[in-house]
Each structure stands twice: as structure tokens, then as C-alpha cells.
2 protein chains.
Amino acid sequence: MNADKIPDIIIGRLPVYLRALQQLSEKGIQTTSSQELGEIIGISAAQIRKDISQFGEFGKQGTGYSIAFLIERLRDILKVDRGWEVVIVGMGDIGHALARYNGFANRGFHISMVFDNDPKKVGQKVGDYEILDTALLAEKLKQNKIKIAMLTVPATAAQSTADQLVKAGIKAILNYAPISLNVPPNVHVQYIDPVTHLQRMTYYLD
Amino acid sequence: MNADKIPDIIIGRLPVYLRALQQLSEKGIQTTSSQELGEIIGISAAQIRKDISQFGEFGKQGTGYSIAFLIERLRDILKVDRGWEVVIVGMGDIGHALARYNGFANRGFHISMVFDNDPKKVGQKVGDYEILDTALLAEKLKQNKIKIAMLTVPATAAQSTADQLVKAGIKAILNYAPISLNVPPNVHVQYIDPVTHLQRMTYYLD
């Protein structure tokens, strides 16, 4: 199967495979098996073999997968073999934490600008970034052809800010506000909401 | 089907349904349809009907679902009709942001204590919480019978801290460190890693 046609459910697992492979690689390990990967990730070895076989031949029976080769192929498929520019909109606690997080660069992303609409915050420094006025959002995003935003504004402002982002050409939004966003079909949204993750675990607790 | 036997993949969607229903309820809306819910969430109406039918009868053909009733039932199934006590371990930027986040209480969770192993941080206040020494973790968790932890330590400390949590009786970990954790089968782990979410969107970008 062509890399253009991988089902969304498999695409969702590939970043997790990539992270586990990079963990192994950092330990100096050079080959792995679907069994070992499965144990690290908590997915069955059969599922991993099936997923990986969707985009080519990656290992002979018995010799395992070459980690370096699989990492390269996954980075290529996920298009993170380049450095994507990302903006953060909303410089509250989470916005600050993301702006100072040093885990983006080696995984394909670079924070290029950070925004807030609070006059008291605009102009202040957070790490290497000066907080820009959200009023400049459209202009700056278009100028720099930025396609990805992390949305860290309060829930009440999330939909209207998302609308602004879409108008300014953003095609992918990582939404930290605990509401479902309404966006056109050609705009991708992913959600980070700790409560939904906690709630899916409490089902299993006594 | 009994609420004890709902497949994990459906359980994963229920918190998202609950969040959308609560969004509608806050707007004063009293009934909804699988169509409307599907548009909010971005899931097909057929999938929603199928998921909801797994745990009972919730609406007559044509009259829609009672939002209040569905919220009550979902809160019951997910066991968030009570207030779960949660601890935060690791008071860096993300730990701070979570300690000050006010979106837990009305969705079933209460931060009860926060920990760090840095002597400079121990004893300091974050919002209403005094940072406790991680050395006290086992004692405090057992004393208070706490089962849920949010793990916000650096990646290099995540596995060893998870081991401590498991030993102290924790059964559910929300892990913010970008590594896969190795825990016993009776301990649940969910991951929050912004990069995996960004990477599954870049696949679709040009």
C-alpha cells in the first residue's frame, strides 16, 4: 500500500511507534522485533507487524527490523523529516510550559512565535520568545506561511480564536481547550484534554 | 450489554461524548441527536448510535436523546459521578499548569497533593498546594488511598518514578513524559505527548 493511502487509525499509531523506536535508538540498540516493540508500547506484535507491512518490507523473518531504517521511513511518511514551524496562541500556564518545552526540535517541530491578546502580556519575554499581540495573528501567519498552531486560550475564547486561525491559513490545530472545535473539513484538529484521559482510566478502577 | 463489558475502544470515546454533551447542556440545550453530536465531535452519527446502544436504550426514534439522562448515565459508567483524588508528581512547568488548572473539579477529579524531589521546590506554594517531598510519596499515597497520579517529571526520571507510584498502590497514571512506561498489567497508563498529536496531523499537510 502507498504511503498516501494509509488508514487514519494506523497513522494515529505511527507516532507512537516512532517514539518507541527513538527510545530504543537512544539506548544504542540497532534492531528490534514486533514482539519487543509491542511490549514497550502495549500493542500486540501481530498488530504492529500488520501496520508496518502497510508501507513496505522492513525486515526478514527472524532478523528483526532495522531501527534506523524504520525511523527514517516513519519520519518520511509522517513528514517530520523536516522542521515544521508552529505558533502558540494563548500564553497562560500551558502556553508558557509549551514555549519552554525542549522536546519539539528533535521530533520535527519548531515554535516560531507566541501570541496573547492581553496587553499586560504582549511584549513580555517567555524563554526566547517575545509575546506578540493576537491582533497581528493573520498578518504574521500569512507572512511566514505557518500551517500549525497550538491553541491554549481559555475555553470561552477557543472557537473564535480557531476561526481566526483558519482564516489565516492554519491547517492543523492542537487544541488544549476542553471543547470540541468546529472547523472546515480541510483543517485537522487534535485534542489534548487530561480529563478525557483520566476518565477513560477510572472506568477500570474500583 | 452490561456496562462492565464495554470494549476499550468504545470506553475511549465516551469521555468525548460526555464533554460534548456537557457543552450542549451548558448552553441550556435539553435534547440532542446522534447527527448533532456527530457534527460536534467529528464522528459519524451511525457510530454514535451504535456506541450508545451498547449500554441501554436512550431515546426513541425521532425524539432524540435526553442530554441530562445521557450525561448521568455516562458519568455513572465512567465512574466520574464521584470525586477522584489525584496527585501530581513533578512540579516543573506542566506540573504547575496542572496544579492551577480549574477544569478538573466539575469533571470528577480533585488534585489532592503535589510532589517534587528538588529541595528548592519542596515547601513552596503553588496555588493552594504546598509542594511535598517525593520521598514522602509512598507514605502519603497509602495513607490517603490514592489511586491516580499525573506524572510530569523529566523523561529520564519517568520510569523510576512510575515504579515508585506502582509500589505505592497507584492504579492509573497519566504520563506527560515522552516515553512509553513499563508497568504491571493491572496498572493503566494514558499518555499526553503533544508531539505525537502534531505528527499525526503533519501526515495530511503539504
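Structure report, in brief. (Residues numbered from 1 in each chain as written. Chains lettered and ligands numbered in written order. Predicted model: local features only at pLDDT ≥ 70, side-chain atom pairs only at ≥ 80, totals over all residues. Heavy atoms only, no water.)

1. Quick word on the overall build of chain A
Move 1: The helix and strand tally for chain A stands at eight helices and nine strands.
Move 2: For chain A, the spread of C-alpha atoms along the principal axes amounts to about 60 × 45 × 35 Å.
Move 3: Put simply, of all contacts in chain A between residues at least 6 apart along the chain, 54% involve residues at least 24 apart.
Move 4: Carbon and sulfur atoms make up 49% of the accessible area of chain A, which totals about 9800 Å². (Helix = DSSP H or I, 4+ residues; strand = E, 2+ residues; numbered from the N terminus. Contact = heavy atoms within 4.5 Å. Areas by Shrake-Rupley, 256 points an atom, 1.4 Å probe, with all protein chains shown as cover.)

2. Considering the nonpolar core
Move 1: Core analysis: the biggest nonpolar cluster contains 92 residues, and Leu14(A), Phe109(A), Met150(A), Leu14(B), Phe109(B) and Met150(B) have the highest contact counts within it.
Move 2: Residue contacts for Met150(A): discarding those within four places in its chain leaves Val86(A), Val87(A), Ile88(A), Val89(A), Leu98(A), Phe104(A), Ile111(A), Leu174(A) and Leu198(B). (Core = buried A, V, L, I, M, F, W, Y, C linked by side-chain atoms within 4.5 Å. Buried < 20%, exposed > 50% of the residue type's maximum accessible area, 1.4 Å probe, protein only.)

3. Looking at the sheet that holds strand S9 (residues 188-191) of chain A
Move 1: Strands sit in the order S5-S6-S4-S3-S7-S8-S9 (chain A) across an open sheet of seven strands; the sheet is mixed. The strands lining the two open edges of the sheet, one partner per strand, are strand S5 (125-126) and S9 of chain A. (Pairing = 2+ DSSP bridges.)

4. Observations concerning the relation of the copies chain B and chain A
Move 1: Rotating chain B by 180° and moving it 0.0 Å along the rotation axis overlays it on chain A with an RMSD of 0.0 Å. What we have between these two chains is a two-fold relation.
Move 2: An overlap of 100% is found between the interface residues of chain B and their copies at the interface of chain A, pointing to a shared contact surface. (Least-squares fit on C-alpha atoms with pLDDT ≥ 70 in both.)

5. Re the pattern of salt bridges
Move 1: On inspection of all chains with the given rule, the structure shows 16 salt bridges over all chains.
Move 2: Notably, a salt bridge pairs Asp93(A) with Arg100(B), separated by 2.4 Å at the nearest N-O pair. With Asp93(A) in helix H5 (residues 93-100) and Arg100(B) in helix H5 (residues 93-100), the pair connects residues from two separate chains.
Move 3: On the accessibility criterion, Asp93(A) (30% relative accessible area) is partly exposed.
Move 4: For Asp116(A), the salt bridge is made with Lys121(A), and the minimal N-O distance between the two is 3.9 Å.
Move 5: Asp116(A) gets classed as buried once you look at its relative accessible area, which sits at 8%.
Move 6: Here the residues in one salt-bridge network are Arg19(A), Arg107(A) and Asp193(B), joined through shared partners. (Salt bridge = Lys/Arg side-chain N within 4 Å of Asp/Glu carboxyl O.)

6. Description of the packing of helix H1 (residues 8-26) of chain B against helix H3 (residues 45-53) of chain B
Residues and elements named next belong to chain B.
Move 1: Remark: H1 packs on H3, axes separated minimally by 11 Å, with the N-to-C direction vectors making an angle of 105°. With respect to each other, H1 and H3 are oriented roughly perpendicular. Touching Ile-10, Arg-13 and Tyr-17 of H1 are Gln-47, Ile-48 and Asp-51, all from H3.
Move 2: Tallied by class, the residues present in the contact of H1 with H3 amount to three nonpolar, one polar and two charged. (Axes fitted to C-alpha atoms, helices over the stretch in contact; angles between N-to-C directions. Parallel < 35°, antiparallel > 145°, perpendicular 65-115°, else oblique. Nonpolar A, V, L, I, M, F, W, Y, C, P; charged D, E, K, R; others polar.)

7. Re the interface of chain B and chain A
Move 1: With 61 residues of chain B at the interface, the matching set in chain A holds 61 residues.
Move 2: At the junction of chain B with chain A, the criterion picks out eight salt bridges.
Move 3: Scanning the region where chain B abuts chain A turns up 26 residue pairs in polar contact (both at pLDDT 80 or more).
Move 4: Looking at the side of chain B that touches chain A, the elements with two or more residues in it are H1, helix H2 (34-41), H5, strand S7 (148-151), strand S8 (172-175), strand S9 (188-191) and helix H8 (194-202) of chain B.
Move 5: When residues in the side of chain B that touches chain A are grouped by element, the largest group, nine residues, is from H8(B).
Move 6: Residue composition of the side of chain B that touches chain A, grouped by class: 37 nonpolar, ten polar and 14 charged. (Polar contact = N/O pair within 3.5 Å; in protein donor to acceptor, adjacent residues only side chain to side chain.)

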